[in-house]
Amino acid sequence: MCGIVGYTGPNPALSRVIEGLRRLEYRGYDSAGVALATKVGEKLVVEKKAGKLANLEGTLTSDYSNAHGGIGHTRWATHGGPTDVNAHPHLDESGKLAVIHNGIIENYIELKEELERRGHKFKSETDTESVAHLLSEEFKISGDLATAMRSVCSRLRGSFTLLAIHSDRPDLIVGARRNSPLVVGVGTGENFLASDVSAFISHTKRALELGQDQVVQVTPEKVVVTDLSGAAITPKEYEITWDAKAAERGGFKHFMLKEIFEQPKAVADTLLGRFPSSDSIELKELENLALDCNRILILACGTAYHAGLIGKYAIEEWVQIPVDVELASEFRYRKPVLTSKTLVITISQSGETMDTLMALRHAESLGAQTLSICNTIGSTIPRESDAVLYTHAGPEIAVASTKALLTQVVVLHLVALYIANRSGSLSKSRIKELISELLELPNKIEEILETVEPLREMTRGYKDSNSVLFLGRHVGFPAALEGALKLKELAYMHAEGFAGGELKHGPIALIDKGTPVIAILPPASSEIAEKMRSNIQEVRARGANVIAIADPSHNLDIPNLIRIPECEELLQPLLSIVPLQVFAYEMAVARGNDVDQPRNLAKSVTVE
Ligand code: M6R
């Protein structure tokens, strides 16, 4: 949450910072602001505005081409409403020092009271402003922004990425991080600091990872990293494997639509290189894990949690060990029983979700082995896990997660097959069959995408519905939950996913004449196919307007029928979820909502 960019180099800082903010706006869009060092030792230029970045851009009256150092922020509000005053950057009283922040300073009230007692005047309701005043005091003592930052960070509780600039050193940006993301972009004669690499990807592919409680100073020629005591740290460098085009809309109206259409490639890329032969699986990343576990616990949030729920069915069936899936935000406050034989798998597209990170640390403190499934190289969750399997979905910019989910499920299937292959819980011939099914997925997803136009048209007919219900059984149940989540976050409609078997235990009371019900049917050969067909009859008998998602093995007399190709039952969510994504997308468009930046949300939830 909140996007942060800092730039120092020979180019005009404003254009570099605004370009970065444009790419980071998915992280928060309640307000945006920049601070630029235009003249040594003079007040910084600060422009900030409530609302989306376009509002800020609309009010800029100069390109400030004489500023070569600057910081910028796009906000997801926590402390203080989304107003011009609460927008970042926040200044000290001299107007020469500015700070931007992502995260929450938990002890800001006591800091603020202390600062007010010493005569500081606050302008905003934010937790961040305390940092600006504290930094100012410390800067007066040491005359060095990095020293000041180290000493201020030692006093802060909570999570933060902070960037600061002082007009006395306009070419210097100082950053710090604890539990919130910050990466360095190493350019030629210019350097960047940002919440993620997309902010500088069009200028450099060299990035440096920053660890917990580290402070970084960047000038055009130099990057210096220390811990909070001032001891030098050598950060790990990595190369960004995708290019700027991947983070652009490329002719699609919205990032979400583009990302839905990228799914065949994302799944193919995630499978690439994993099968040295038609009946074996290679996951070198797992070689250092003791895989003699007797239990798997999957921890994640939102869509990634649904990926875990889907994966559970395959792991239990193929590997024959118990799998529990839990919301990371709930797990971290429990006293669960974990042993060294519990393999904890965290799933996170961003690798920065605070609840998942804290759940990971909780699991580690209880002695579990940890594996993360992540899409963002160098992010915190994989860095803190015993092993990581990266999904190869490419950057996911839209707030609503699509291709990340499919690739996360595919990786869970790979893990299940890998363990099953080693333990012998599946025969070689069955493994071969399943590998072949996995490899056919990209084409089958493509097939669905080629025929979505009628679905899009049909969706528009439901735009005034009050509520949409999603029904599924077995592995179709978490698919139903995901369909409902997508619709809620994009269309702002009431939507709920139910297990077909639960209908008569309460939810059927919601069915009224015309209630849209999206029913996901398993293949006709499944032992629950008949049961699901009965559920459809039950809701139709009560007036529901059923939209069925089914493969051609079903002969159904339902006017609204969405066909998906046939596949192995356990893999079916990888197909059935695609029309659900399109349904939610089209509904959001039809209702006039902002698809890529749905209200109240942000892409990475880096605060609790
Ligand atoms: O980055 P993560 O995968 O950890 O994010 C988890 C959830 O916040 C995320 O999936 C969220 O639910 C999406 N907006 C759903 O579309």
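In this text the structure is predicted, and so the values were computed from the model without any measurement.

Draft legend 1. View of the domain arrangement of the chain. For the chain, the domain assignment lists domain 1 (3–247), domain 2 (254–447) and domain 3 (451–608). One C-alpha centre belongs to domain 1, the other to domain 3; they are set 43 Å apart. Every contact between the two is made by 16 residues of domain 1 and, on the other side, 11 residues of domain 3. Between domain 1 and domain 3, roughly 990 Å² of surface is buried when both sides are summed, and carbon and sulfur atoms account for 48% of that area. For domain 1, the biggest contributors to the area lost against domain 3 are Tyr-26, Tyr-29 and Trp-76; these three give 49% of the whole. Connecting domain 1 to domain 3 are 1 salt bridge. One salt bridge in this structure joins Asp-594 and Lys-52, with 2.2 Å as the shortest N-O distance. In this structure, the connection of domain 1 to domain 3 is made through 8 residue pairs in polar contact (both at pLDDT 80 or more). In terms of residue count, strand S6 (residues 97–105) provides more of the side of domain 1 that touches domain 3 than any other element does, 3 residues in total.

Draft legend 2. Structural view of the side chain of Ser-385. Following the sequence through the fold, Ser-385 ends up in the loop between helix H11 (380–383) and strand S20 (387–390). Under the relative-accessibility criterion, Ser-385 is labelled buried at 11%. Excluding anything up to four places from it in sequence, Ser-385 contacts Thr-346, Leu-360, Glu-364, Thr-370, Leu-371 and Ser-372.

Draft legend 3. Region of the structure containing the site of the ligand. Near the ligand lie 14 residues; those nearest to it are Ser-348, Gln-349, Ser-350, Thr-353 and Glu-489. When isolated, the ligand has an accessible area of 410 Å², and the protein chains bury 91% of it. Where the shell around the ligand is concerned, the elements lending two or more residues are helix H8 (302–319) and helix H15 (476–491). When residues of the shell around the ligand are assigned to their parent elements, the largest contribution, 3 residues, is made by H8. Here the residues of the shell around the ligand are counted per class, giving 5 nonpolar, 7 polar and 2 charged. For the shell around the ligand, the two domains that each supply at least three residues are domain 2 (254–447) and domain 3 (451–608).

Draft legend 4. A look at the pattern of salt bridges. In the structure shown here, the tally under the stated rule is 38 salt bridges. Its salt-bridge partner being Asp-84, residue Lys-49 comes within 3.1 Å of it at the nearest N-O pair. Within this pair, whereas Lys-49 is found in strand S3 (residues 45–50), its partner Asp-84 is found in the loop between strand S4 (69–75) and strand S5 (90–91), the two being separated by 35 residues in sequence. We classify Lys-49 as partly exposed; its relative accessible area is 25%. When its relative accessible area of 33% is taken as the criterion, Asp-84 is described as partly exposed. Residues Glu-453 and Arg-456 are paired through a salt bridge, measuring 3.4 Å at the closest nitrogen-oxygen approach. With Glu-453 and Arg-456 both in helix H14 (residues 453–460) and 3 residues apart, the pair spans about one turn of that helix. Overlapping salt bridges, with partners in common, bring together Glu-114, Arg-118, Glu-137 and Arg-155 in one network.

Draft legend 5. Just the pairing of strand S12 (residues 214–218), in detail. Counting buried positions along S12 gives 5 out of 5 residues, so the element sits mostly inside the fold. Neither face of S12 is left uncovered, since the one carrying Gln-214, Val-216 and Val-218 and the one carrying Val-215 and Gln-217 both have all their residues buried. Pairing of strand S8 (residues 173–178) with S12, which is carried by 5 bridges, proceeds in the antiparallel orientation. Within S12, the residue paired with Gly-175 across the bridge is Val-216. Note that S12 and strand S13 (residues 223–227) share 5 bridges and pair antiparallel. Each residue of the ladder has a partner; that of Val-216, found in S13, is Val-225. In this antiparallel pair of consecutive strands, S12 and S13, the connection spans 4 residues.

Draft legend 6. Structural context of empty space enclosed by the protein. Applying the stated rule across the entire model yields 3 cavities of 30 Å³ or more. Approximately 80 Å³ is the volume found for the largest cavity. Forming the walls of the largest cavity are 13 residues, and the residues nearest its centre are Cys-2, Trp-76, Thr-78, His-88 and Gly-103. If you add up the space inside the second largest cavity, you get close to 40 Å³. Lining of the second largest cavity is provided by Arg-473, His-474, Val-475, Gly-476, Ile-520, Leu-521, Pro-522, Pro-523, Glu-569 and Gln-572.

Draft legend 7. A look at unusual backbone geometry. Residues His-88 and Pro-89 are joined by a peptide bond in cis, for which omega reads 5 degrees. Of note in this structure, Asn-179 is not a glycine but carries a positive phi near 60 degrees. Relative to the helices and strands, Asn-179 resides in the loop between S8 and strand S9 (183–186). Residue classification places Asn-179 among the buried residues on the basis of a relative accessible area of 8%. Phi angles above zero are rare outside glycine, and Asp-213 is one such case at about 55 degrees. Judged by relative accessible area, Asp-213 falls into the partly exposed class, the value being 24%.

Definitions and limits used
Residues numbered from 1 in each chain as written. Predicted model: local features only at pLDDT ≥ 70, side-chain atom pairs only at ≥ 80, totals over all residues. Heavy atoms only, no water. Domains from an automatic or database assignment. Contact = heavy atoms within 4.5 Å. Buried area = accessible area lost by both parts, 1.4 Å probe. Salt bridge = Lys/Arg side-chain N within 4 Å of Asp/Glu carboxyl O. Polar contact = N/O pair within 3.5 Å; in protein donor to acceptor, adjacent residues only side chain to side chain. Helix = DSSP H or I, 4+ residues; strand = E, 2+ residues; numbered from the N terminus. Buried < 20%, exposed > 50% of the residue type's maximum accessible area, 1.4 Å probe, protein only. Near = heavy atom within 4 Å. Areas by Shrake-Rupley, 256 points an atom, 1.4 Å probe, with all protein chains shown as cover. Nonpolar A, V, L, I, M, F, W, Y, C, P; charged D, E, K, R; others polar. Pairing = 2+ DSSP bridges. 1 Å grid on protein atoms, 1.4 Å probe; cavity = no way out; pocket = protein on both sides within 12 Å on 5 of 7 lines; lining within 4 Å. Points joined across faces, edges and corners; volume = space filled by probe spheres on them.

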